[in-house]
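Letter by letter, the chains look like this.
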Amino acid sequence: MSHFDSSRRRLIQATAAMAAASIMPTLARAQAWPTKPIRFVVPFAPGGSSEIVARSLAAELTSILGVSVFVENKPGAAGNVAMGEVARADDNHTIILGHIGTLAVNPYIFAKLPYDAGKDFRPVSLSAKVPSLYVVHPDVPATNLKEFVALAKSKPGKLNYGSAGNGSAGHLAFEYLKAATGTFILHVPYRGSGPQINDLLSGRLEAAAVGAPAILPFIKAGKVRCIATGSAQRIPQLPDVATVAEQGYPGFEMTQWYGVLAPASMPPAAVEKLAAASAKGIRSPSSTQRLIADAAIIVGSSPAEFTAFIAQEQQRWKPIIAKAGIKPD
């Protein structure tokens, strides 16, 4: 072997050793993470679909990751308070439940936000979708979406629908339906879903779009009539109710969705480990059983898939929000 070949071999070996040495700390950190309990922030008040998704997932993550994952509710300003706080968290052990509102709606209805939805977070995994159900009071002479649209077009602005407030998921869902069907139906905003549902049950409201968990019991009891589901496919709880897409509006899908986000400061290796655990956890038999009972659609995506999904949702909602002139309360 020549002196040149020997020198080249030593150089290659040294370079390989240096590369391995630089990689080892990164691998060690990824394997070591998490090193303490993980704070899982929910940017809404206790109760509802967000609570069900977060607590189901937290229980599974605790088992998979080997550290306690505890849920902390931090409501305020349509989720903006919690999002702003978690965006600045740099302990690598704080995560947040992302939502259609905080990621695809708030950026277009608030003049200023304490966070940048595109830059301040790393999407980890889309966990679940909860279908919006389009319902009417039994006195409304419409048994399906086609009949409801015909009724609305026969008397523009005479029918009303309620929501839990301006910019709420129910508000967006109905405005999306109005845009798709070319109808004019009056919006009546409430402060919360409770009073809205009470007025719908009493007949003071004629229609609404409500998340499946909150309205299914009233549909089953015959107190409201479901004329369409916002899901891409029919839901098992209402097999005879056609989707909006099936009733003449291809591609229509309206779901509230929930997924895990980490601050942008979290190392990529930790994000990947959290993503794998999140996808596995949400698909576990116990999580699936809890969520399917509330008509949730289980997902469990990769970070890249969740990133693409958020971008797609933002593109979908931006023009709808602008056209409807939706402003925060």
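Residues numbered from 1 in each chain as written. Predicted model: local features only at pLDDT ≥ 70, side-chain atom pairs only at ≥ 80, totals over all residues. Heavy atoms only, no water.

Asker: Hey, could you go over the packing of aromatic side chains for me, with residue numbers and the actual values?
Answerer: Applying the stated criterion to the full structure yields 9 aromatic pairs. Residues Phe148 and Phe174 carry aromatic rings whose centres are separated by 6.3 Å and whose planes lie at 80 degrees to one another, so their mutual orientation is edge-to-face. Of this pair, Phe148 sits in helix α5 (residues 145–154) while Phe174 is found in helix α6 (residues 169–181), placing the two residues 26 residues apart along the sequence. Aromatic pair Trp257 and Phe309: ring centres 5.1 Å apart, planes at 80 degrees, arrangement edge-to-face. With Trp257 in strand β9 (residues 255–263) and Phe309 in helix α11 (residues 303–324), the pair connects residues that are 52 residues apart, well separated along the chain. Residue classification places Trp257 among the buried residues on the basis of a relative accessible area of 0%. Put simply, the rings of Tyr134, Phe148, Tyr161, Phe174, Tyr176, Phe252 and Trp317 touch in pairs and so form one group of aromatic residues. (Phe/Tyr/Trp six-rings, centres within 6.5 Å; stacked < 30°, edge-to-face > 60°. Helix = DSSP H or I, 4+ residues; strand = E, 2+ residues; numbered from the N terminus. Buried < 20%, exposed > 50% of the residue type's maximum accessible area, 1.4 Å probe, protein only.)

Asker: Any chance you could break down the pairing of strand β7 (residues 207–211) for me, citing the residues and the numbers?
Answerer: Of all 5 residues in β7, 5 are buried; the element is thus mostly enclosed. Here β7 shows a buried face lined by Ala207, Ala209 and Gly211 and a second buried face lined by Ala208 and Val210. Where strand β5 (residues 160–163) lies against β7, 2 bridges are found, and the strand directions are parallel. Among the inter-strand pairings, Gly162 is bridged to a residue of β7, identified as Ala208. (Pairing = 2+ DSSP bridges.)

Asker: Go over the packing of helix α4 (residues 100–109) against α11, please, and point to the residues and values.
Answerer: For the pair α4 and α11, interaxial distance at closest approach is 9 Å and the crossing angle is 40 degrees. It follows that α4 is oblique to α11 by the angle criterion. Judged by the twist between their axes, the crossing of α4 over α11 is right-handed. Contacts between α4 and α11 involve Ile100, Leu103, Ala104, Val105, Tyr108 and Ile109 from the former and Phe306, Ile310, Glu313, Gln314, Trp317, Lys318 and Ile321 from the latter. (Axes fitted to C-alpha atoms, helices over the stretch in contact; angles between N-to-C directions. Parallel < 35°, antiparallel > 145°, perpendicular 65-115°, else oblique. Left-handed = near helix turned anticlockwise from the far one by under 90°. Contact = heavy atoms within 4.5 Å.)

Asker: Give a description of unusual backbone geometry that names residues and reports values.
Answerer: Trp33 connects to Pro34 through a cis peptide bond whose omega is 0 degrees. Relative to the helices and strands, Pro34 resides in the loop between α1 (3–32) and β1 (38–42). Look at Ala77: it is not a glycine, yet its phi comes out positive at around 55 degrees. On the basis of relative accessibility, which here comes to 46%, the residue Ala77 falls in the partly exposed class. The phi angle at Asn92 is positive, at roughly 65 degrees, despite the residue not being glycine. Judged by relative accessible area, which is 25%, Asn92 ranks as partly exposed.

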